[in-house]
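# An overview of the molecular structure
Here is what each chain is made of, one letter per residue.
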Amino acid sequence: MRRIILSIGVFMIFCGISCAGLHFGLGKAAAKKSAEVIEEAVQKSTAAASFGGEGSAESYNAPTNVAWVASSSTTVTVSWSIVSANGYTMMLASDQNFSSAFSWTGDLNQANTTYAGLTPFTNYWFKVKISTHPDSAYSSAISTKTDSDCPGGAIFSSSVMDLSKISGIRPLGALNPSGHTFPTDHNYYAIKDFSATPTPIALSAPCASHLTSLIQINFSTPAVFTEYHLEFLACSQFMFFFQPCRAFHFNNQPTLL
Amino acid sequence: MPCCVFSQFDPYRLAVGFNYIGGQIRYDLDSRWTGELRYLTGSENGAVGKVSSQVFGLRGYRFFREDSRYRFFLGAEAALVSSDQKNTSYRVSGPAIGGFGGLEFRLGKRFALGLDLGPYLLSLQENETAVSETSLEFIANTYFIVHLF
């Protein structure tokens, strides 16, 4: 029995040295052989494409017919022509040099993709290449702009103050009087109280918005006083200001007092 | 009787262990015959990306010489291989069968260390393109087991 076992052992060792490669672990051996099979599969797919089986001789170099198919304020969808049995690597960036791009590789035969969570009213660039061929090239980059998130109709939905406390409104479009340097359209609310110490009037945001800037300015001349400038963003294409304001505090709502 | 001879293991039937790279559960049918279920993993950096494999195997052992601290064994294994490549849809699967011979060394009442070598036949096929390959590989296996009860 001992001689039989010894003989079998010697034979196995001889067989291993001369007949096949030695692997440590069946899992490792399976992974290595699987990688070889996949590489052969990729070469077969590429050969089929280059001989006109599924496209032109250059079809594995860069995908064609890359185009935007849908967009919204925060999403874009893009599609391209595929060569069967290939995977694709996609790249999206907010600059045309793709310096800070989001890149990922999709499934085999994937012909489109959708990006979500984008910034409204912003330019994006996209390109794609075959991932399963080592020499593939990216397509030419295409660009688009996400839609604005501003509503189609009127943006303001309420008055900024109690209208019973004003005597008139000067509509948007009045430029400042000479000597004032703030170069934007203003509208003015003429309050009824012209006393030396008028009662403060509460201001309200005229629509849902985000406070993006709050500035406090302290004056020493011609008198010592403080005023506040507030900047709001209503949507990606529209912002408005409250300035100057004598005082403010937040009251769980964008209301100034 | 000297310590740690294999015949002392008769009361123990169930054992668990780990190998390179995975784990196993073993059941001793008697002092000479044993069955074992194994799970192994492996990875390889291929030309177009990393390939990961999982193997589920069933082994049978025939042990010799129980009256010693070490014992030789012969055996056979049948396994199923499943592999995929990261970020693509390429999938490879197929059977692996092989035979082996080796040596197990008892470290204590319940612990043992083993090494075996043997030829395996792997027949793998890629699902999408039907590319296949059958090859003979020589595989070394090491393991550490703990007899539970």
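Here the residue numbering is sequential within each chain, running from 1 through the sequence in written order. Lettering for chains starts from A, numbering for ligands starts from 1, and both go in the order in which the items are written. Residues qualify for local features only when their pLDDT is at least 70, as the model is predicted, and side-chain atom pairs are given and counted only at 80 or more; totals for whole chains, interfaces and linings, by contrast, use all residues.

Okay, the interface of chain B and chain A next. Note that contacts rest on C-beta atoms placed from the backbone: two residues are in contact if these are within 7 Å. On the side of chain A, 42 residues touch chain B, which itself brings 47 residues to the contact. Think of it this way: any DSSP run of H or I at least four residues long counts as a helix, any run of E at least two long counts as a strand, and we number them from the N terminus. Elements with a minimum of two residues in the side of chain B that touches chain A: β3 (33-46), β4 (49-63), β5 (70-85), β6 (91-106), β7 (111-126) and β8 (132-147) of chain B. Broken down by element, the residue count for the side of chain B that touches chain A peaks at 8 residues, all from β8 of chain B. When the residues that make up the side of chain B that touches chain A are grouped by side-chain class, the tally is 24 nonpolar, 18 polar and 5 charged. Strands are labelled as partners when DSSP assigns at least two bridges between them. Pairing between strand β1 (residues 22-24) of chain A and β8 of chain B: 3 bridges, direction parallel. From the neighbouring strand, L22 of chain A faces β8 of chain B, where its bridge partner is F138 of chain B. For this classification, Asp, Glu, Lys and Arg are treated as charged, while Ala, Val, Leu, Ile, Met, Phe, Trp, Tyr, Cys and Pro are nonpolar and the rest, including Gly, are polar.

The next point concerns the sheet that holds strand β4 (residues 88-93) of chain A. All names here are of chain A. Strand order in the open sheet formed by 4 strands is β5-β4-β7-β8, with antiparallel pairing between adjacent strands. Each edge of the open sheet is held by one strand with a lone partner, namely β5 (102-105) and β8 (142-145). Shown here is a sheet whose adjacent strand axes are inclined to one another by a mean of 20 degrees, direction ignored. Sheet topology note: the β4/strand β7 (residues 123-130) ladder contains 6 bridges and is antiparallel. If you follow M91 over to β7, its bridge partner there is K127. Between the N-to-C directions of two axes lies an angle of 0 to 180 degrees, each axis being a line fitted to C-alpha atoms and, for a helix, fitted only over the stretch in contact.

Below, the discussion takes up the pairing of β6 of chain B. Side-chain positions along a regular strand alternate between the two faces of the sheet. Residues and elements named next belong to chain B. With 15 bridges joining them, β5 and β6 adopt antiparallel strand pairing. Bridge assignment links E77 to a residue of β6, and that residue is G98. As judged from the 11 bridges shared by β6 and β7, these two strands associate in the antiparallel manner. Counterpart to F105 in the pairing with β7 is L113. Counted between consecutive antiparallel strands, the loop separating β6 from β7 contains 4 residues.

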